[in-house]
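What follows is each chain in one-letter form.
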Amino acid sequence: MKIAAAAYPLDWFDTWQGYEDKLTRWVAEAAGQGAELLVFPEYGAMELASLGGAEVAADLEAAIRMVAQHGPAADALHDRLARMYDIHILSASKPYYPSAASRPVNRASLFGPDGLIGHQDKVMMTRFEREDWDVVAGASLTVFDTALGRIGVTICYDSEFPLLARALAEAGVEILLSPSCTDTLAGFTRVRVGSMARALENQCVVVHAPTVGPAAWCPPVDENIGRASIYGPPDRGWPETGILAEGALNTPGWVYADISLDLVRRSRADGGVMPFAHWPEQAAAAAHVTFAGREPQ
C-alpha cells in the first residue's frame with residue numbers, strides 16, 4: 001500500500017470554509033498520488049482556534065475550547081473525505097472533552113471508507129500538557145482493525161515509551177502512526193529517535209507526521225519543527241538506514257512510501273535479527289541487576 005505522512009503547517013482562517021478548503025486540497029492531493037492511508041500530525045487541529053479571533057487564539061484555555069467546539073464539524077469533514085476518496089485518514093489530533101466536567105484529552109481519530117473507525121487519546125503527557133495546559137492522559141490503547149491491516153497510534157511523546165508500542169505490536173499491529181507537534185529540533189529528534197527505535201524493536205512500519213512552521217498567533221503551537229518520515233526496521237529487505245522516505249526539514253507537504261505488510265511478517269519470522277521474537281528474553285536479565293566495583297551509597 002502507499003502511505004502519506006504530512007508535514008503540516010498551521011494556518012489562520014477567518015471562516016470555516018477556509019479550513020474545509022485547505023483540508024480538502026491536502027486530502028485530494030495525497031489521494032491523487034494513490035495514497036491509501038493519510039496521516040496528519042498531533043495538534044494540527046489547533047489552527048481552528050483562529051476561528052475565535054486573535055484574542056481567543058492567544059489564550060491557552062480559550063483556544064482549546066474553541067478547537068473542541070469545532071471538533072464535531074472537523075470529524076464530519078474527515079468522515080466525508082475518507083468516504084469520497086475510499087481511503088483511511090488519521091485526523092490531526094485535537095483537544096476533546098469527554099464530559100462537560102472533565103479536562104480535555106488529546107485525541108486523534110481514524111476514518112476509513114465506511115466512516116469513523118475509532119479514536120486514540122494520547123497516553124503520556126508532556127510537561128507543558130501537564131503543568132500549563134492541563135490536558136489529561138487517555139486511559140487505554142486502541143488497535144484499529146482495518147482493511148489495510150492492524151494499525152496503532154502512538155501520539156508524539158507516546159512514541160518515546162517502548163512498552164506502549166510493544167503492547168500494540170503484541171496485539172497484532174504492523175503499522176504504527178506517530179503524529180507529533182514539537183517546537184524545537186531536540187523535541188522533534190526525540191520523537192524521531194523513538195519512532196525509529198519502535199520500528200526496530202517491533203519490526204514494523206512507523207509513520208511520523210509533524211506540524212511545521214510558525215503560528216505565532218497561538219502560543220501552544222507557535223513554533224513547529226520537523227520533517228515527515230516513514231520508517232521500517234534496518235534489516236534485509238528494508239533500507240539500511242531504516243528510513244523508507246523523508247521530507248526536508250520544516251518543509252510543508254506530503255511524504256510517500258510504498259510498504260509491504262508481507263515484508264513486515266517476513267522480518268518478524270526470519271529477520272537478520274529477531275527483536276520482535278526475542279523481546280521476552282530480556283526480562284530475566286532485567287529482573288536481576290547487580291553491582292560491580294563500588295556499590296552506590
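Located above this text is the structure these notes cover.
Here we summarise the structure given alongside this text. (Residues numbered from 1 in each chain as written. Predicted model: local features only at pLDDT ≥ 70, side-chain atom pairs only at ≥ 80, totals over all residues. Heavy atoms only, no water.)

**Quick look at the overall build of the protein**
From N to C terminus, the protein includes ten helices and 13 strands. Over its C-alpha atoms the protein spans a radius of gyration of 19 Å, differing by no more than 12% from the 19 Å that the globule rule assigns to 297 residues. Seen through its C-alpha atoms, the protein measures out along the principal axes to roughly 60 × 55 × 35 Å. Among the 297 residues that make up the protein, the fraction classed as buried is 53%. Taken as a whole, the protein presents about 12,700 Å² of accessible surface, with 53% of it coming from carbon and sulfur. Looking at the protein, you have 23 positive and 37 negative side-chain charges, and the mean spots of the two groups are 4 Å apart. (Helix = DSSP H or I, 4+ residues; strand = E, 2+ residues; numbered from the N terminus. Rg over C-alpha atoms; globule rule 2.2 N^0.38 Å. Buried < 20%, exposed > 50% of the residue type's maximum accessible area, 1.4 Å probe, protein only. Areas by Shrake-Rupley, 256 points an atom, 1.4 Å probe, with all protein chains shown as cover. Lys, Arg positive; Asp, Glu negative; His and termini not counted. Charge placed at Lys NZ, Arg CZ, Asp CG, Glu CD.)

**Remarks on the side chain of Thr182**
Relative to the helices and strands, Thr182 resides in the loop between strand 9 (175–180) and helix 7 (185–202). With a relative accessible area of 7%, Thr182 lands in the buried category. A distance of 3.4 Å separates the side chain of Thr182 from the backbone nitrogen of Phe188, its partner in a polar contact. Setting aside chain neighbours within four positions, we find Thr182 in contact with Cys156, Gly187, Phe188, Val191, Thr211, Glu223, Asn224 and Ile225. (Polar contact = N/O pair within 3.5 Å; in protein donor to acceptor, adjacent residues only side chain to side chain. Contact = heavy atoms within 4.5 Å.)

**Things to note about the packing of aromatic side chains**
Working definition: an aromatic ring pair is given by the centre-to-centre distance plus the angle between the planes. Taken as a whole, this structure holds eleven aromatic pairs when the rule is applied. On the numbers, 5.5 Å between centres and 85° between planes, the contact of Tyr8 with Phe40 is edge-to-face. With Tyr8 in strand 1 (residues 2–9) and Phe40 in the loop between strand 2 (37–39) and helix 2 (54–57), this residue pair connects regions lying 32 residues apart in the sequence. Neither Tyr8 nor Phe40 differs from the other in exposure class; each is buried. (Phe/Tyr/Trp six-rings, centres within 6.5 Å; stacked < 30°, edge-to-face > 60°.)

**Description of the packing of helix 1 (residues 16–32) against helix 4 (residues 71–85)**
Between helix 1 and helix 4, whose axes approach to 11 Å, the crossing angle comes to 30°. By the angle between their axes, helix 1 is roughly parallel relative to helix 4. Once helix 1 is placed against helix 4, the crossing between them reads as right-handed. Residues Trp16, Tyr19, Glu20, Leu23, Thr24, Val27, Ala28 and Ala31 of helix 1 pack against Ala73, Ala74, Leu77, His78, Arg80, Leu81 and Tyr85 of helix 4. For the contact of helix 1 with helix 4, the class distribution of residues is eleven nonpolar, two polar and two charged. (Axes fitted to C-alpha atoms, helices over the stretch in contact; angles between N-to-C directions. Parallel < 35°, antiparallel > 145°, perpendicular 65-115°, else oblique. Left-handed = near helix turned anticlockwise from the far one by under 90°. Nonpolar A, V, L, I, M, F, W, Y, C, P; charged D, E, K, R; others polar.)

**Quick notes on the pairing of strand 8 (residues 149–153)**
Burial of strand 8 is extensive: four of the five residues sit out of reach of the surface. Here strand 7 (residues 144–146) pairs with strand 8 via three bridges, running antiparallel. Paired with Thr146 across the two strands is Gly149, which belongs to strand 8. In the sheet, strand 8 pairs with strand 9 via three bridges, with the strands oriented parallel. Looking at the pairing, Val153 lines up with Leu177 of strand 9. In this view, the connection linking strand 8 to its parallel neighbour strand 9 by way of helix 6 (residues 162–170) has right-handed handedness. (Pairing = 2+ DSSP bridges. Right-handed = clockwise from strand over helix to strand, strands pointing away.)

**What about the pattern of salt bridges?**
With the rule as written, the count across this model stands at 19 salt bridges. In this structure, Glu131 and Arg127 form a salt bridge, with 2.8 Å as the shortest nitrogen-oxygen distance. With Glu131 and Arg127 both in helix 5 (residues 127–133) and four residues apart, this pair spans about one turn of that helix. Of the two residues, Glu131 and Arg127, both sit in the exposed class. Between Glu170 and Arg166 there is a salt bridge, with the nearest N and O atoms lying 2.9 Å from each other. (Salt bridge = Lys/Arg side-chain N within 4 Å of Asp/Glu carboxyl O.)

**What about the nonpolar core?**
Of all hydrophobic cores here, the largest spans 42 residues; its most connected members are Tyr19, Val27, Leu38, Phe40, Met46, Ile89 and Trp254. For this core, the secondary-structure elements that each account for two or more residues are strand 1, helix 1, helix 3 (60–69) and helix 4. For this core, the element with the highest residue contribution is helix 1, accounting for six residues. Core analysis: the next-biggest nonpolar cluster, separate from the first, contains 31 residues, Ile3, Cys156, Ile175 and Val212 among them. (Core = buried A, V, L, I, M, F, W, Y, C linked by side-chain atoms within 4.5 Å.)

**Describing the side chain of Lys122**
Structurally, Lys122 is set in the loop between strand 6 (115–121) and helix 5. Assessed through its relative accessible area of 1%, Lys122 is described here as buried. Within the structure, the side chain of Lys122 is placed 2.9 Å from the side chain of Glu129, a separation counted as a polar contact. In this view, Lys122 contacts Glu42, Asn106, Glu129, Val136, Ala137, Gly138, Ile155, Cys156, Tyr157 and Asp158; residues no more than four positions away in its chain are not counted.

**Digging into helix 4**
Since the α-helix packs 3.6 residues into each turn, any two residues three or four apart lie on the same face. Here helix 4 is 15 residues long and its end C-alpha atoms lie 21 Å apart, about the 21 Å a rise of 1.5 Å per residue gives. For helix 4, the set of buried residues is Gly71, Ala74, Asp75, Leu77, His78, Asp79, Leu81 and Ala82. Among the structural elements, helix 1, helix 3, strand 3 (88–90), strand 4 (94–96), strand 5 (105–112) and strand 6 are those in contact with the buried residues of helix 4. Taken from the residues just after helix 4, Asp86 is the one with a positive phi, measuring 60°. (Expected span 1.5 Å × (residues − 1).)

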